[in-house]
Amino acid sequence: MSLSGKRVLLIVSGGIAAFKALELIRLLRKSGCAVTCVLTRGGAQFVTPLSLQALSEHKVYTDLFSLTDESEMGHIQLSRSADLVVVAPASADILAKMAAGLADDLASTVLLATDKRVLVAPAMNVRMWGHAATRANMVTLAARGVSVVGPDEGAMACNEFGAGRLSEPPAILAAIEALLCAPKPLAGKHALVTSGPTHEPIDPVRYIANRSSGKQGHAIAAALAALGARVTLVSGPVSVPDPAGVKIVRIETAAEMLAACQAALPADIAVFAAAVADWRVASAAQQKMKKTPGGAPPALELTPNPDILATIAAAGPARPGLVVGFAAETHDLIAHAQDKRRRKNADWIVANDVSPATGIMGGSENEILLITAAGEEPWPRLAKDEVAARIAARIAEALA
Ligand code: C5P
């Protein structure tokens, strides 16, 4: 298995087994993986920053309060810079800090700040490993999704025998490969996502729009891509950044959005998060409409826009396997959303209350109700990224 293009942040904590981190770095580099090291004060008693630097061919970070380190790469940036954070060896002390959420040095701060998966390779004396405190810490960490490799059983440096030896570097490498190279659940699937508002022209300089920011739709596109889907994101005019690894089709009007969605088919998954204008001006002026002194304001004649969700979700050979619509409401949320699910032939509706007091439209959090054939599921208020990750995970489960 190759780790080519992958990035590991390796935290080396204190313990006689720290020397094995050098062999681990060598194996990771041989497999094409970029390695950046953080060395704790305890770790530095056993291996030097220079050894780690020579093998990783990368600067080694040791100090939370180093002005040079912080100006080059802040601890938050460091915590997000890799695909996986590996703690090897993981001492009883760093495991306890992780479980308690302490952040009193660079390593523990990075571990608290990271949004990436974490793998720990514990190494300590057999009694420390068996102590009720360490047992409880490991249960806490496992419940938070931290992966563990080892420890092995055997003779220890302290002349005792039992569980607590750091796993051998090839076994740690295999655990890293299993985490970084596991097939992604939506690999091979095509997902179509709409996001943002539409702009419906009144004349060449004026348009009808709405307050949609595109944050939720863009986050869903990113989350589906992170699970391996090929994503086509059809986006109205927004100022949020383009998600990485996603094909973006930019449109302005609802008619253009429908055409772009139809051109993107076939799709396995379709998520319609865009706030599409319900009406457009029946015949937009070709030239800027002029004010005439004392003249009456123009009357705008509106005509309905196509319903993109209903059109794509209509039964037929081109219907995506799983169609998810949104229902942004200011009252009677459940009744309107359920009605929308039936009327538009969507499989799921993500319903949310967008009354101004909720701060949801344009904000960075969302509180949704997921409506499926099985009923309604209220979700807690979460960051839009987290809502997106959970929706993507539910989609992967549904298609499994
Ligand atoms: O009818 P309403 O606009 O409340 O429906 C919301 C859902 O329908 C959203 O998923 C939205 O993206 C989709 N929609 C659409 N085309 C429209 C109107 C809404 O795709 N013209």
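Remember, predicted model here, so these are calculated numbers, not experimental data.

Quick look at the site of the ligand
Stage number 1. Close contacts around the ligand come from F272, A274, V276, D278, P306, D307, I308, L309, G325, F326, K340 and K344, and that covers them all.
Stage number 2. Residue K344 places a side-chain N or O atom 2.8 Å away from an oxygen atom belonging to the ligand.
Stage number 3. At a threshold of 2 Å from the grid points, most atoms of the ligand map onto the second largest pocket.
Stage number 4. For the shell around the ligand, the secondary structure elements donating two or more residues are α12 (308–313) and β17 (322–329).
Stage number 5. Partitioning the shell around the ligand into residue classes produces seven nonpolar, one polar and four charged.

A short note on empty space enclosed by the protein
Stage number 1. The tally for this structure, following the rule as stated, stands at one cavity of 30 Å³ or more.
Stage number 2. Roughly 30 Å³ of internal volume is contained in the largest cavity.
Stage number 3. Every residue lining the largest cavity is listed: Y61, D63, D69, E70, M73, G74, H75, L78 and L106.
Stage number 4. Every element with two or more residues in the lining of the largest cavity is listed here: α3 (67–72) and α4 (75–80).
Stage number 5. Residues belonging to the lining of the largest cavity are distributed by class as follows: four nonpolar, two polar and three charged.

Let's talk about the environment of P298
Stage number 1. For P298, the location among the structural elements is in the loop between β15 (279–281) and β16 (302–304).
Stage number 2. Owing to a relative accessible area of 56%, P298 belongs among the exposed residues under this scheme.
Stage number 3. Between the C-alpha atoms of P298 and A103, which are 195 residues apart in sequence, the distance is 62 Å.

Quick notes on the domain arrangement of the protein chain
Stage number 1. We note that the domain assignment places domain 1 (7–181) and domain 2 (190–399) within the protein chain.
Stage number 2. The straight-line distance from the C-alpha centre of domain 1 to that of domain 2 is 43 Å.

So, the side chain of T40
Stage number 1. Of note, T40 is situated in the loop between β2 (34–39) and α2 (49–56).
Stage number 2. Separated by 2.9 Å, the side chain of T40 and the backbone nitrogen of G43 make a polar contact.
Stage number 3. Excluding residues that lie within four positions of it along the chain, T40 makes contacts with I11, V12, S13, G14, I94, D105 and A107.

Brief notes about helix α1 (residues 20–30)
Stage number 1. Every buried residue belonging to α1 is among K20, A21, L24, I25, L27 and L28, and all of these are buried. Angularly, the buried residues of α1 cover 165° about the axis, an arc narrow enough to put them on a single face.
Stage number 2. Here the buried face of α1 lies against β1 (7–12), β2, α2, β4 (84–90), β8 (161–165) and α9 (169–180).
Stage number 3. Two residues or fewer after α1 comes G32, characterised by a positive phi angle close to 90°.

Some details on the packing of aromatic side chains
Stage number 1. Per the counting criterion, the structure on display carries zero aromatic pairs.
Stage number 2. Against the face of Y61 rests K59, its NZ or CZ located 5.5 Å from the ring centre.
Stage number 3. In this structure, R394 is placed above the aromatic ring of W348, and the distance from its NZ or CZ to the ring centre is 6.0 Å.

Quick word on the layout of surface pockets
Stage number 1. Computed from the structure, the largest pocket encloses a volume of approximately 1,800 Å³.
Stage number 2. Along the walls of the largest pocket sit 48 residues, with D115, K116, R117, A226 and A389 positioned nearest its centre.
Stage number 3. Those elements that place two or more of their residues in the lining of the largest pocket are α5 (92–100), α6 (106–113), β5 (117–122), α9, α10 (215–226) and α14 (384–399).
Stage number 4. In terms of residues, the lining of the largest pocket owes the most to one element, α10, which gives seven residues.
Stage number 5. Residue classes in the lining of the largest pocket are distributed as 28 nonpolar, seven polar and 13 charged.
Stage number 6. If you count residues domain by domain, the lining of the largest pocket takes at least three from each of domain 1 (7–181) and domain 2 (190–399).
Stage number 7. In this structure, the second largest pocket occupies an estimated 1,000 Å³ of space.

Quick notes on the sheet that holds strand β20 (residues 368–372)
Stage number 1. In space, the eight strands of this open sheet follow the order β13-β12-β9-β14-β17-β18-β20-β21, with mixed pairing throughout. Only two strands of the sheet have a single neighbouring strand rather than two, namely β13 (247–250) and β21 (375–378). Taken over all neighbouring pairs, the strand axes of this sheet differ in orientation by 15° on average, direction set aside.
Stage number 2. Summarising the sheet, strand β9 (residues 190–195) and strand β14 (residues 269–272) pair through four bridges and their orientation is parallel. Bridged to A191 within β14 is I269.

Thresholds, definitions, all that
Residues numbered from 1 in each chain as written. Predicted model: local features only at pLDDT ≥ 70, side-chain atom pairs only at ≥ 80, totals over all residues. Heavy atoms only, no water. Near = heavy atom within 4 Å. Polar contact = N/O pair within 3.5 Å; in protein donor to acceptor, adjacent residues only side chain to side chain. 1 Å grid on protein atoms, 1.4 Å probe; cavity = no way out; pocket = protein on both sides within 12 Å on 5 of 7 lines; lining within 4 Å. Sits in = over half its atoms within 2 Å of the grid points. Helix = DSSP H or I, 4+ residues; strand = E, 2+ residues; numbered from the N terminus. Nonpolar A, V, L, I, M, F, W, Y, C, P; charged D, E, K, R; others polar. Points joined across faces, edges and corners; volume = space filled by probe spheres on them. Buried < 20%, exposed > 50% of the residue type's maximum accessible area, 1.4 Å probe, protein only. Domains from an automatic or database assignment. Contact = heavy atoms within 4.5 Å. Arc of directions from axis to C-beta. Phe/Tyr/Trp six-rings, centres within 6.5 Å; stacked < 30°, edge-to-face > 60°. Lys NZ or Arg CZ within 6 Å of the ring centre and 35° of its normal. Pairing = 2+ DSSP bridges. Axes fitted to C-alpha atoms, helices over the stretch in contact; angles between N-to-C directions.

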